Structure formats: C-alpha cells, structure tokens
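# Overview (structure and organization)
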Amino acid sequence: MKRLVFFTGAGVSAESGLKTFRDSDGLWEGYDIYEVATPQAWAKNRNLVQEFYNMRRKNVMDARPNLAHQLIASLEDRFDVTVITQNIDDLHERAGSTKVLHLHGEIMKMRSEKDDTILYDIRGDIVHGAKADDGGYLRPHVVWFGEAVPNIGVAAKIVSGAEIFVVVGSSLQVYPAASLAEFLPDAVSKFLVDKNPPSIASMWGYEVIARPATEGMADLVETLMNH
Ligand code: APR
C-alpha cells in the first residue's frame with residue numbers, strides 16, 4: 001500500500017464548528033492568544049488559561065467529526081495512511097483514523113506542568129489548583145506559543161517516507177510545522193485542500209483544491225482512486 005501522509009490544520013475541523021485561529025484577526029474566540037496560549041500567560045494567570053482551555057474542551061466534546069475526517073479515515077482501506085495534525089481536538093480519532101500524530105498536543109489530556117510524561121485523560125474541566133502526582137499544577141496537554149514541539153522529529157521522519165502528501169486546512173504559517181515540507185522526498189505527489197489556499201501553494205508544487213475540506217476531500221478521494 002502506498003504511504004499517504006496527511007497534514008491537517010484548523011480548516012479540517014472548521015465544518016465541525018471548531019473555530020480556526022487566523023480567520024479572526026489574531027483573536028481566538030475573542031481572546032488574545034498571548035493572554036491564554038503562552039507559558040507567560042500560565043505564569044501570570046493560571047485560572048484564565050484553564051478557563052480558556054476548559055471551554056475549548058467543551059467545544060471539542062460537543063463537536064462531531066465531519067465528512068473530511070471520515071474520508072481521511074476511510075482511505076485506510078486503500079493506503080497506508082498517517083495523519084499529522086496541528087489540531088488539539090480528537091476528531092480524526094473519533095472518525096476512525098488509527099495513526100494520528102498530534103504536533104500541538106491534545107485537549108483531551110492534561111499533564112503536570114513540571115513533567116510532560118505525567119499524563120492523564122480528562123473529559124470535563126481541569127479544576128483550578130489541581131495538582132499532578134509529582135506536585136506540579138495540572139495544565140492542558142497542549143503546546144503553547146514559544147514552547148518546543150516534541151513530536152516534530154517523528155513527524156519529519158514520517159514526512160520523509162511519504163509517497164503522497166496532502167495538506168488539509170492549514171495556512172502553513174506556524175513553525176516548525178510549516179517547515180516539515182522540507183523533508184518530503186522529491187518524487188512525492190502533493191495536494192492541498194483549503195477553502196482559501198495560501199497563494200504560495202502552487203509555486204511549491206501543490207495541486208490545489210480550493211474548496212471547503214468536506215467537498216475538497218470528496219474530490220481528492222476520487223483523484224486518489226485513480227492514482
Ligand atoms: N475548509 C478548508 N479549509 C478551511 C476551512 C474549511 N471549511 N475554513 C478555514 N480553512 C483554512 C483557512 O483558509 C486557513 O488556510 O484553514 C486554514 C486555517 O489556518 P490557521 O487558522 O492558521 O490554522 P493552522 O494552520 O492549523 O495553524 C494554527 O496555530 O493557533 C495555533 O497551535 C495552533 O495549531 C494551531 C496553529
């Protein structure tokens with residue numbers, strides 16, 4: 001089976017009702033991201049950060065995978081599919097994808113602020129002031145701006161083995177994820193599905209499908225069946 005690697009961003013979950021970040025002038029659901037999604041924010045106002053992510057977790061639990069997530073999962077019948085996602089939601093997993101690598105963490109997990117290997121599943125709110133077994137405060141298991149991306153090495157390795165590479169709903173602006181394409185082999189076929197594609201995409205050699213993720217993925221599946 002051919003190795004098919006997806007790289008997905010906020011746009012794949014937009015039609016599930018989860019907001020993308022850059023579509024709203026640097027505000028995320030009305031919050032300045034530097035007040036809620038940085039280590040400085042955590043140091044300054046832990047409760048605000050918890051409230052923000054508790055809300056994000058509720059949104060994710062209320063959302064359902066859409067056709068784009070489902071089609072990506074269904075391609076496992078025909079391809080060796082790996083999904084690398086910038087999203088912290090679990091919609092790829094709930095749609096049935098079996099190999100999902102989260103670059104920016106997972107909202108349905110929490111961890112000790114002192115040790116990112118002390119991890120717990122969380123379905124409701126993280127209670128203010130709650131601590132992990134090592135005494136560190138519990139924080140959402142997400143990668144904040146300014147923090148390292150622990151999975152980037154694994155992701156680069158997956159990308160370097162891709163035979164087909166598909167970007168869905170990412171502005172390709174956030175580093176280091178955006179630099180992953182440098183690891184693609186020369187012979188790879190590249191596609192990009194985005195309702196408002198970055199203008200540089202065709203110059204980078206992507207076959208661009210300028211449609212919402214659900215419709216664009218339906219087009220792509222047809223193309224891939226003849227691949
Ligand atoms: N279908 C397809 N694409 C869409 C849709 C849709 N329905 N709605 C929006 N898009 C596209 C936009 O055109 C844009 O190119 O999705 C992309 C979303 O880009 P970003 O908001 O920059 O999201 P992403 O690339 O995932 O990067 C955001 O930064 O907020 C942080 O860490 C967070 O992982 C996140 C990253």
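Residues numbered from 1 in each chain as written. Predicted model: local features only at pLDDT ≥ 70, side-chain atom pairs only at ≥ 80, totals over all residues. Heavy atoms only, no water.

## A closer look at the sheet that holds strand β7 (residues 119–121)
The line we're drawing: For two strands to be treated as a pair, DSSP must find at least two bridges joining them. Secondary structure follows DSSP: runs of H or I at least 4 residues long count as helices, runs of E at least 2 residues long count as strands, and numbering of each begins at the N terminus. Only C-alpha atoms enter the line fits that serve as axes; for helices the fit covers just the stretch in contact. Angles between N-to-C directions range over 0 to 180 degrees. Two residues form a contact once any of their heavy atoms are found within 4.5 Å.
Read across the open sheet, the three strands follow the order β7-β6-β8; overall the sheet is antiparallel. Of all the strands in the sheet, just β7 and β8 (138–142) have a single pairing partner and so form its edges. Put simply, the sheet's adjacent strands are angled 45° from each other on average, direction ignored. Sheet topology note: the strand β6 (residues 105–112)/β7 ladder contains three bridges and is antiparallel. When the bridges of β7 are listed, arginine 111 appears paired with leucine 119. With respect to the sheet, helix α4 (residues 46–62) is in contact with β6 and β8, its orientation differing from that of β6 by roughly 140°.

## Some points on the domain arrangement of the protein chain
How big an interface is tends to be stated in terms of the accessible area lost upon association of its parts. Heads up, the rule is: All domain edges in this entry derive from an automatic or database-based domain assignment. Simply put, the buried area is the total loss of 1.4 Å probe accessible area from both parts when two parts are fitted together. Salt bridge criterion: a side-chain nitrogen from Lys or Arg within 4 Å of a carboxyl oxygen from Asp or Glu. Two N or O atoms count as a polar contact when they lie within 3.5 Å, although within protein this holds only if one can serve as hydrogen donor and the other as acceptor, and sequence-adjacent residues are included solely when both atoms are side-chain atoms.
In terms of domain boundaries, the protein chain breaks down into domain 1 (1–18 + 65–104 + 149–227) and domain 2 (19–62 + 110–142). Once you take the C-alpha centre of each, domain 1 and domain 2 turn out to be 25 Å apart. Contacts between domain 1 and domain 2 engage 13 residues on the former and nine residues on the latter. On the domain 1 side of the interface with domain 2, the three residues burying the most area are Leu18, Ile88 and Arg94, jointly 46% of the side's total. Linking domain 1 to domain 2 there are zero salt bridges. Taken together, the connections running from domain 1 to domain 2 amount to one residue pair in polar contact (both at pLDDT 80 or more).

## Describing the packing of aromatic side chains
Aromatic ring pairs are reported here in terms of the distance separating the ring centres and the angle at which the planes meet. Under the convention used in this document: In this analysis, rings of Phe, Tyr and Trp, with Trp reduced to its six-membered ring, are considered paired at centre separations within 6.5 Å, and the interplanar angle assigns stacked below 30 degrees, edge-to-face beyond 60, and tilted for intermediate values. Using a 1.4 Å probe on the protein chains alone, a residue whose accessible area is under 20% of its type maximum counts as buried, one over 50% counts as exposed, and one in between counts as partly exposed. Whether a charge sits over a ring comes down to the Lys NZ or Arg CZ being within 6 Å of the ring centre and within 35 degrees of the ring normal.
One pass over the structure, following the stated rule, counts five aromatic pairs. When the centroid spacing of 6.5 Å and the interplanar angle of 45° are considered together, the rings of tyrosine 53 and tryptophan 144 count as tilted. In this pair, tyrosine 53 sits in helix α4 while tryptophan 144 sits in the loop between β8 and α7 (152–160), placing the two residues 91 residues apart along the sequence. Here tyrosine 53 and tryptophan 144 have matching classes, each one buried. Members of the aromatic cluster, connected to one another through ring pairs, are Tyr31, Trp42, Phe52, Tyr53 and Trp144. If you follow arginine 139 out to its NZ or CZ, it ends over the ring of tryptophan 144, 3.7 Å from the centre. A cation over a ring is seen here: lysine 190 above tyrosine 206, with NZ or CZ 5.0 Å from the ring centre.

## A look at the side chain of serine 170
Along the chain, serine 170 turns up in the loop between β9 (164–168) and β10 (189–193). A polar atom in the side chain of serine 170 sits 3.1 Å from the side chain of glutamine 86. From its side chain, serine 170 meets the backbone nitrogen of leucine 172 in a polar contact 3.1 Å long. Serine 170 has contacts with Phe7, Gly9, Gln86, Asp194 and Pro198, leaving out every residue within four places of it along the chain.

## Remarks on the sheet that holds strand β11 (residues 207–209)
Ordered by their spatial adjacency, six strands build an open sheet running β5-β4-β1-β9-β10-β11, and the pairing between neighbours is parallel. Here the strands that pair on one side only, and so sit at the sheet edges, are β5 (100–102) and β11. Between one strand and the next, the sheet's axes are offset by a mean angle of 20°, whatever the strand orientation. As paired elements, strand β1 (residues 3–8) and strand β4 (residues 80–85) share six bridges and run parallel to each other. What sits directly across from threonine 8, in β4, is threonine 85. The sheet contacts of helix α8 (residues 213–225) involve β1, β9, β10 and β11, and relative to β10 the element is tilted by about 155°.

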